[in-house]
Amino acid sequence: TGLSLSKFANRHIRWCIYGLAGTVLILAAIHHGVQRYRAKNIDFKASAHLEALSTISRRTKATAVLSKGTAAWTWIRKHFILPALFGQRHLEPIGWVTLPTRIQVLAVMAFIGVNTVFWLLITGVDMWLIERKTQPGDMTRYLGDRAGFLALANLPIIFLLGGRNNFLIGLTGLSYGVFNVFHKWVARVATVLAMIHSISYAVYMYQSLSPTTFKNDSYWWNGVAATTVMSIIIILAILPFRRRMYELFLFLHIVGGILFLYFCFRHLRLSSTGAYNPWLWACIACWSFDRLARFWRIIKCNTRKGRLVKHNAKIKVIKETNIMKISIYPNKDGVGFFPGAHYFLYFGASWKFWQSHPFTAVDWRPKKALVNVNERARHVRKQERERRLATATSVNDPARAVVDDDGAAGPTAEWATGRAKITFLVRPHKGITQTVWNRIAGLSKKDLGKDSIPCLIEGPYGHEHSLHTYDTVLVIAGGIGVSTTLAYLYNHMARVEKGETFTRRFVFVWSCREDMLMDRLIWDADLINKTQDTSTLYGTQIEMMLYFTGTATKKPDVKFDCTNSTRPPLPLTIGRPNIMEIIENENMRLTGKMAVLVCGPDKMVDGTREAVVKYVGKDAAEGARIQYFEEAFGW
């Protein structure tokens, strides 16, 4: 009968929506799985290390296997997958909004279209197949029924995509930012459907009954309350409010979600069969899974021998900057670090113990019983002593005295117990980071570095990109976005020494307005010497391009002009990098495939995306290909 057909459509329409979304996710998961399998099953030790890095013909064959793509796929990537919707802007806001990429817009439009078609189609089924179609207000009622049904069907998707422990991230390789885009749009679609449901039923009840009859109907007022709460959540999710008052936004988001589910349960008590409640329980299940997964990550990273232990975080302010270097000494042997991993940190420096913020780890030093913590520093001091000896004019020369003092240090000065350490760079904003900054800023100079703050670690999150499978790797960072690119640089140097990479050229680009930050991370870490040593010993190329965009906080000294030092000068350029030109130059010399990774301000990330799109399909050699990776938080 018509009634049974309508009920059948109502029951199975949700599976159509889930099936369409699931098909896309399955394809993404298959693609991601194949890429991970290939990356993990490369035989780097098939030949000697130097031969593997220097034999171009061998590498070219491997490149053809790993990155062969059709012209059609390249065209799709160039015109649909990679570009911003209009012009250059994707992460950089246009007014109060940020625009998705073209492929994301197509996916959103398809989702809206599917919901619209099902809403109108099933309403038409109701109107034509149910004999009661001639009753007053039927059309309005059926429109409202189907809109409410679709709104409920979309709710589990909203709760699933909004969690930081969304299992689809690891399954498909898509970033949290991508799923966050769909989380917002699915929520907007569901809210519009809920509003249509409420308005349609208000009109229907006014047409068919006396307006006074629904004043005492709790299901009516609970439905109005649920729709109102949902609408307020959407309004408070506008970009300016999220950025300026994120903690308040997050609190209202959680409270609003709880109230919304409560009012929905009260509203759906009208259904004697409880057929609609499973969708609400699915929402609770998704939310509970995310919270339990967070708790499990905290337990995993902060327990030792079955007991919860807090870690000590030593925090130092990098001179002449508003950036903190946070060094955490975990009471565990490992915290799951990998390049690009980020962790949520809970500090004990505030009564706001529930607040946590994500930070990308710069480096991880595993625990060792005995580690040479100053091997390279000893080599540098030896060269410095030789230089001073050559310039000393007599035995009593002060330079000679310094040499003797330096040379008197025994083995205990070079060797020490190595504690596990993970390092973060943090620029304070409002909330707990500002509280920590105020605490450190209030210490006297003699106490700086001595104070430690107890903290908990939750993570790791994110996933490592297989940059080691590319012939050329170009990493671009702006400001403290260098946290990500430095981790990949260290990882590349370690892989080169082990012979576990195909990368023959690694280009490190960093634009920074704080000269003291650049001084600390590049100069004090002796990174130029380390990269040059790696390049010389293993026959690979590591090029450093540093750009200073701020105002110098100190006079030029030996650290920048390097006239009186054994360390090589910094490859420093005053001004912003021309990313388009850099990518063009690398594309011209490319013989295989290239990975471009960017992490930094919105404008820099969007500019890099635009440059990559321009040169995709304009490869310098047959079979060459450019892959784009973006590490950025999507608001």
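Residues numbered from 1 in each chain as written. Predicted model: local features only at pLDDT ≥ 70, side-chain atom pairs only at ≥ 80, totals over all residues. Heavy atoms only, no water.

Would you explain the overall build of the protein chain in this entry?
Within the protein chain one finds 21 helices and 16 strands. When contacts within the protein chain are restricted to residue pairs at least 6 apart in sequence, long-range pairs at least 24 apart make up 77% of them. Counting only carbon and sulfur atoms, one obtains 61% of the accessible surface of the protein chain, whose full area is about 32,500 Å². (Helix = DSSP H or I, 4+ residues; strand = E, 2+ residues; numbered from the N terminus. Contact = heavy atoms within 4.5 Å. Areas by Shrake-Rupley, 256 points an atom, 1.4 Å probe, with all protein chains shown as cover.)

I tried to follow the side chain of Asp290 on my own but got confused; where do I start?
With respect to the helices and strands, the residue Asp290 is situated in helix H12 (residues 277–302). Residue classification places Asp290 among the buried residues on the basis of a relative accessible area of 6%. In contact with Asp290, other than residues within four places in its own chain, are Gly163, Arg164 and Asn165. (Buried < 20%, exposed > 50% of the residue type's maximum accessible area, 1.4 Å probe, protein only.)

What should I look at first to understand the pairing of strand S4 (residues 324–329) in this one?
It is a general feature of regular strands that their side chains alternate between the two faces of the sheet. Most of S4 sits inside the fold, with five of its six residues counted as buried. Looking at chain direction, strand S3 (residues 311–317) and S4 are connected through six bridges and run antiparallel. Bridge assignment links Lys314 to a residue of S4, and that residue is Ser327. Where S4 and strand S9 (residues 421–426) come together, five bridges link them in antiparallel fashion. Bridged to Lys325 within S9 is Leu425. (Pairing = 2+ DSSP bridges.)

Help me understand helix H17 (residues 515–523), please; the structure alone is not making it clear to me.
Think of an α-helix as turning once every 3.6 residues; residues three or four places apart then point the same way. Of all nine residues in H17, eight are buried, a share of seventy percent or more. Looking at H17, one finds that the buried residues are Asp515, Met516, Leu517, Met518, Asp519, Leu521, Ile522 and Trp523.

What should I look at first to understand the sheet that holds strand S5 (residues 342–347) in this one?
Think of a sheet as strands paired side by side through backbone hydrogen bonds, with each pair either parallel or antiparallel. A barrel is described by the order of its strands in space; here six strands give the closed sequence S3-S4-S9-S6-S5-S10, paired in antiparallel fashion. Along the sheet, successive strands turn relative to each other by an average axial angle of 45°, direction set aside. Of the strand pairs in this sheet, S3 and strand S10 (residues 452–461) are connected by four bridges, and their pairing is antiparallel. Note that in S10 the partner of Lys314 across the bridge is Ser452. Helix H15 (residues 432–441) rests against S3, S4, S5, strand S6 (357–365), S9 and S10 of the sheet, and its axis sits at about 70° to S3. (Axes fitted to C-alpha atoms, helices over the stretch in contact; angles between N-to-C directions.)

Just to check I follow, could you spell out the pairing of strand S11 (residues 472–478) for this structure?
Where burial is concerned, most of S11 is hidden: seven out of the seven residues are buried. Along S11, one buried face is formed by Thr472, Leu474, Ile476 and Gly478 and the opposite face, lined by Val473, Val475 and Ala477, is buried too. With seven bridges joining them, S11 and strand S12 (residues 505–512) adopt parallel strand pairing. What sits directly across from Ile476, in S12, is Val509. A crossover connection joins S11 to the parallel S12 through helix H16 (residues 482–498); in handedness this β-α-β unit is right-handed. In terms of strand pairing, S11 meets strand S15 (residues 593–599) through six bridges, oriented parallel. The partner of Leu474 across the bridge, within S15, is Val596. (Right-handed = clockwise from strand over helix to strand, strands pointing away.)

I would appreciate a short explanation of the sheet that holds S12 in the present structure.
Spatially, S14-S13-S12-S11-S15-S16 is the arrangement adopted by the six strands of the open sheet, whose pairing is parallel. Single-partner strands in this sheet number two, and they are strand S14 (572–574) and strand S16 (625–630). Direction aside, the axes of adjacent strands within the sheet are offset by 15° on average. In this structure, S12 lies alongside strand S13 (residues 541–548), joined through eight bridges in parallel fashion. Its bridge partner being in S13, Phe506 is matched across the sheet by Ile542. Against the sheet, H17 touches S12, S13 and S14, its axis set at about 150° to S12.

Whenever I open this one, the packing of helix H6 (residues 138–161) against H12 confuses me. Can you help?
Two packed helices can be described by the angle between their axes and the distance between those axes. Taken N-terminus to C-terminus, the directions of H6 and H12 make an angle of 10°; their axes are 8 Å apart at the nearest point. In this view, H6 runs roughly parallel relative to H12, as classed from their interaxial angle. Residues Phe149, Leu152, Ala153, Leu155, Pro156, Phe159 and Leu160 of H6 form the contact with H12, whose participating residues are Trp279, Leu280, Ala282, Cys283, Cys286 and Trp287. Tallied by class, the residues present in the contact of H6 with H12 amount to 13 nonpolar, no polar and no charged. (Parallel < 35°, antiparallel > 145°, perpendicular 65-115°, else oblique. Nonpolar A, V, L, I, M, F, W, Y, C, P; charged D, E, K, R; others polar.)

Help me understand the pattern of salt bridges in this model?
Two side chains that carry opposite charge are able to pair once their charged atoms sit near each other. Taken as a whole, this structure holds nine salt bridges when the rule is applied. Its salt-bridge partner being Glu630, residue Arg609 comes within 2.8 Å of it at the nearest N-O pair. Of this pair, Arg609 sits in helix H21 (residues 602–615) while Glu630 sits in strand S16, and the two are 21 residues apart along the sequence. With relative accessibility at 8%, the residue Arg609 sits in the buried group. Among the residues examined, Glu630 registers a relative accessible area of 22% and is labelled partly exposed. Salt bridges sharing partners connect three or more residues here, namely Arg427, Arg513 and Glu514. (Salt bridge = Lys/Arg side-chain N within 4 Å of Asp/Glu carboxyl O.)

Sorry if this is basic, but what is going on with the confidence of the model for the protein chain here?
The predicted coordinates ought not to be read in detail in places where the model reports low pLDDT. Mean pLDDT over the protein chain works out to 79, with 74% of the residues at or above the 70 mark. The least confident element of the protein chain, judged by mean pLDDT, is helix H14 (residues 398–407) at 39; the most confident is S11 at 96. Contacts of residues 369–374 to residues separated by more than four positions or lying in other chains number 16 contacts, the stretch itself having pLDDT below 50. (pLDDT = per-residue confidence, 0-100.)

Looking at this structure, how should I read the state of the cysteines?
Each disulfide is one covalent bond, formed between the sulfur atoms of two cysteines. A full pass over the atoms with the stated rule returns zero disulfides. Free cysteine: Cys286, not disulfide-bonded; nearest cysteine sulfur from Cys283 at 6.7 Å. (Disulfide = S-S within 2.5 Å.)

Can you help me understand a nonpolar patch on the surface in this one?
On the surface, a nonpolar cluster with roughly 650 Å² of combined accessible area is contributed by Trp73, Trp75, Ile76, Phe80, Ile103, Leu106 and Met109. Of all elements in the fold, only helix H4 (71–81) and helix H5 (102–129) reach the threshold of two or more residues within the nonpolar patch. Here the element with the most residues in the nonpolar patch is H4; it accounts for four residues. As for its position among the elements, Phe80 is in helix H4. The class for Phe80 is partly exposed, based on a relative accessible area of 31%. (Patch = residues over 30% accessible without salt bridge, like charges linked within 9 Å, V, L, I, M, F, W, Y side chains within 5 Å.)

How do you make sense of the packing of aromatic side chains when you look at a structure like this?
Between two aromatic rings, the relevant description is the distance of the centres plus the angle of the planes. Evaluation of the coordinates by the stated rule reveals twelve aromatic pairs. Seen in terms of ring centroids, Tyr246 and Phe249 are 5.8 Å apart; in terms of plane orientation they differ by 45°. Their pairing is tilted. With Tyr246 and Phe249 both in helix H11 (residues 246–267) and three residues apart, this pair spans about one turn of that helix. On the basis of relative accessibility, which here comes to 28%, the residue Tyr246 falls in the partly exposed class. Above the plane of the ring of Phe344 lies Arg164, whose end atom (NZ or CZ) is 3.6 Å from the centre. (Phe/Tyr/Trp six-rings, centres within 6.5 Å; stacked < 30°, edge-to-face > 60°. Lys NZ or Arg CZ within 6 Å of the ring centre and 35° of its normal.)

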